[in-house]
Amino acid sequence: MKPTALVRRTSARTLLAVGLVTSLALATGCTKSEDDSDKRSSASKQDDAGQVVASPGTGSGPTCTIDAYGGQKLDLKSVTVGFSQSEKEANPFRIAETASIKAEAQKRGVKLLTANAQSQFSKQISDVQDLIAKGANLLVIAPLNSDGWEPVVRTAAAKHIPIVTIDRKINAAACKDYVSFIGSDFVEQGKRAADSMIEATGGKGEIAILLGAAGNNVTTERTKGFEDRIKEKAPGLKIVFKQTGEFAREKGQSVTENLIQSRPGITGIYAENDEMGLGAVNALKGAGKKPGAVKIVTIDGTRNAVQGIVDGWIYGVIESNPRFGPLAFQTLDTFTKGDKVGQDIVIKDSSYAKSNAQSDLAKAY
């Protein structure tokens, strides 16, 4: 972990938080995804080089305090934190996310309880209820869906348990139902992906969107940012196909196989995460396409996707940093000491293109 300079807000949406002003990078040691164990092993010591989570400082934007929330001051080292992961950890993003939470808890000497919902929302609700029953005093939740959290919110409120959500928001009231949301500016990610697609295609042609899973703000906002920017800057690019790939590689592949059949002249594919983009690459390979024949832009920053740029199959990747551990625990620590934290804490994301993919490959997760 290494301190960095205060990170500028990434967009007009960025709301500032947390009294301590530090930027943190974490070596998580997340070493394997489904098909790149050898590559990861060879670069494991550099896995997280350059990955920065922005710790915003106080100054503006809605904040929350423990008095306003209705809790009591706590010493983080004397409590139990419950972490609820939403998805199966075949996805490198989730592997890195969980590893980051566990590593930071261990570093701080905090007792941590974990649960994985295996991509089943009903299980995640029962998982969090179980974490509370087992004595969790604080909760960090990576929500599968944005809606449907009322049972958890009621239980947590009755026990005055603070909740921090990471990566995805829940549709509830900040500083009432939960304390803070920590994550990327997903609309901005969509806009940056659109800029990359416009550059790749020259602003002309037919493009497809592999949508993420329905029911969460990530999919909605990444779609909005992309479509709005295309409409604004490249009216010659026509979005002719949209279908969910459910943030999964296999689904992304099958959807792209159908796409190739129905739209053989497709110019570009915007995949709302790397796994779907890698599935699209598999489909294009299976159809006998050459690298770069169809321009692919994705979001996440996994090592396989960045390698895809090096190999010519993917044009650009917008990073979505999964290493929430340092900032999540810093937020909990600041909050439980009685200081104010931001209701929305936006992290800094980088990007990968042909110009930096090879040199920055070790920074990917």
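Above this text is the structure in question.
Figured I'd write up the structure that's included with this text.

### Focus on the sheet that holds strand β6 (residues 180-183)
Right, so step 1: If you trace the 6 strands from one edge of the open sheet to the other, you get β3-β2-β4-β5-β6-β13, paired in parallel fashion. One side of each edge strand has no neighbouring strand; the edge strands of this open sheet are β3 (111-116) and β13 (344-346). Mean inter-strand twist for the sheet, computed between neighbouring axes without regard to direction, equals 20°.
Right, so step 2: The pairing of strand β2 (residues 80-85) with β3 spans 6 bridges and is classified as parallel. Looking at β3, one finds that Val-81 is bridged to Leu-112.
Right, so step 3: Each of β2, β3, β4 (138-141) and β5 (163-166) is contacted by helix α3 (residues 92-108), which is oriented at about 175° to β2, the strand it contacts most.

### Considerations on unusual backbone geometry
Among all residues save glycine, negative phi is the norm, and among peptide bonds the norm is trans.
Right, so step 1: The backbone of Cys-175 shows a phi angle near 60°, a positive value even though the residue is not glycine.
Right, so step 2: Even without being a glycine, Glu-246 presents a positive backbone phi close to 60°.
Right, so step 3: For Glu-246, the location among the structural elements is in the loop between β8 (237-244) and α8 (249-262).

### Observations concerning the state of the cysteines
Right, so step 1: One pass over the full model with this rule turns up 1 disulfide.
Right, so step 2: The disulfide that involves Cys-64 links it to Cys-175, with 2.1 Å between the sulfurs. Given an S-S torsion of about 80°, the disulfide between Cys-64 and Cys-175 has right-handed geometry. Within this pair, whereas Cys-64 is found in strand β1 (residues 63-64), its partner Cys-175 is found in the loop between β5 and β6, the two being separated by 111 residues in sequence. For the pair shown, Cys-64 and Cys-175 are each scored as buried.

### Re the sheet that holds strand β7 (residues 205-211)
The strands that make up a sheet are held in pairs by hydrogen bonds between backbone atoms, and each pair lies either parallel or antiparallel.
Right, so step 1: Strands sit in the order β8-β7-β9-β10-β11-β14 across an open sheet of 6 strands; the sheet is mixed. A strand with exactly one partner marks an edge of an open sheet, and here the two such strands are β8 and β14 (351-352).
Right, so step 2: For β7 and strand β9 (residues 268-271), the ladder comprises 4 bridges, and the chain directions are parallel. Of the residues in β9, the one forming a bridge with Leu-210 is Ala-271.
Right, so step 3: Seen against the sheet, helix α10 (residues 303-310) touches β10 (295-300), β11 (316-319) and β14 and runs at an angle of roughly 150° to β11.

### Things to note about helix α9 (residues 274-286)
Right, so step 1: Taking 1.5 Å as the rise per residue, α9 with 13 residues should run 18 Å; its terminal C-alpha atoms sit 18 Å apart, in good agreement.
Right, so step 2: Judged by how many residues are buried, α9 sits mostly within the fold: 10 of 13 residues are covered.
Right, so step 3: Along α9, the positions that sit buried rather than exposed are Asp-274, Glu-275, Met-276, Gly-277, Leu-278, Gly-279, Ala-280, Val-281, Ala-283 and Leu-284.
Right, so step 4: Positive backbone phi, approximately 80°, marks Gly-288, located one or two places after α9.

### With respect to the environment of Ala-193
Right, so step 1: Its place among the elements puts Ala-193 in helix α6 (residues 186-201).
Right, so step 2: Ignoring any residue separated from it by four or fewer positions in sequence, one finds Ala-193 in contact with Phe-226, Tyr-270, Val-297, Ile-299 and Ile-318.

### As for the environment of Val-240
Right, so step 1: Residue position: Val-240 is located in strand β8.
Right, so step 2: Sequence spacing of Val-240 and Ile-266 is 26 residues, and the spatial spacing of their C-alpha atoms is 8.7 Å.
Right, so step 3: Every residue in contact with Val-240, bar those within four places of it in the chain, is listed here: Glu-206, Ile-207, Arg-263 and Ile-266.

### Regarding the packing of α8 against α9
Right, so step 1: Closest axis-to-axis distance for the α8/α9 pair is 7 Å, and the angle between their directions is 45°. Regarding the angle of α8 to α9, the classification is oblique. Relative to α9, the crossing made by α8 is right-handed. Contacts between α8 and α9 involve Arg-249, Gly-252, Gln-253, Thr-256, Glu-257 and Ile-260 from the former and Glu-275, Met-276, Leu-278, Gly-279, Ala-280, Asn-282, Ala-283 and Leu-284 from the latter.
Right, so step 2: Partitioning the contact of α8 with α9 into residue classes produces 6 nonpolar, 5 polar and 3 charged.

Rules of the game
Every chain's residues receive numbers from 1 upward, in the order its sequence appears when written. Two thresholds apply to this predicted model, a pLDDT of at least 70 for residue-level local features and 80 or more for giving and counting side-chain atom pairs, whereas whole-chain, interface and lining totals are computed over all residues. To obtain the side-chain values, all non-hydrogen atoms of the structure were used and water was disregarded. Should DSSP find at least two bridges between two strands, the strands are taken to pair. The helix and strand labels rest on DSSP assignments: H or I over at least four residues marks a helix, E over at least two residues marks a strand, and numbering proceeds from the N terminus. Here the axes come from fitting lines to C-alpha atoms, over the contacting stretch only for helices, and the angles between their N-to-C directions go from 0 to 180 degrees. Contact definition: two residues touch when any of their heavy atoms are within 4.5 Å. In this description, the term disulfide denotes a pair of cysteine sulfurs within 2.5 Å. Only protein chains enter the accessibility calculation, which uses a 1.4 Å probe; a residue whose area is less than 20% of its type maximum is buried, one above 50% is exposed, and one in between is partly exposed. What a helix is expected to span follows from its residue count: subtract one and scale by 1.5 Å. Orientation is classified from the angle alone, with under 35 degrees giving roughly parallel, over 145 giving roughly antiparallel, 65 to 115 giving roughly perpendicular, and any other angle giving oblique. Each helix crossing is assigned a hand: it is left-handed if the near helix lies turned anticlockwise from the far helix by less than a right angle, otherwise right-handed if that turn is clockwise. Each residue is assigned to one of three groups, with Ala, Val, Leu, Ile, Met, Phe, Trp, Tyr, Cys and Pro labelled nonpolar, Asp, Glu, Lys and Arg labelled charged, and all others, Gly among them, labelled polar.

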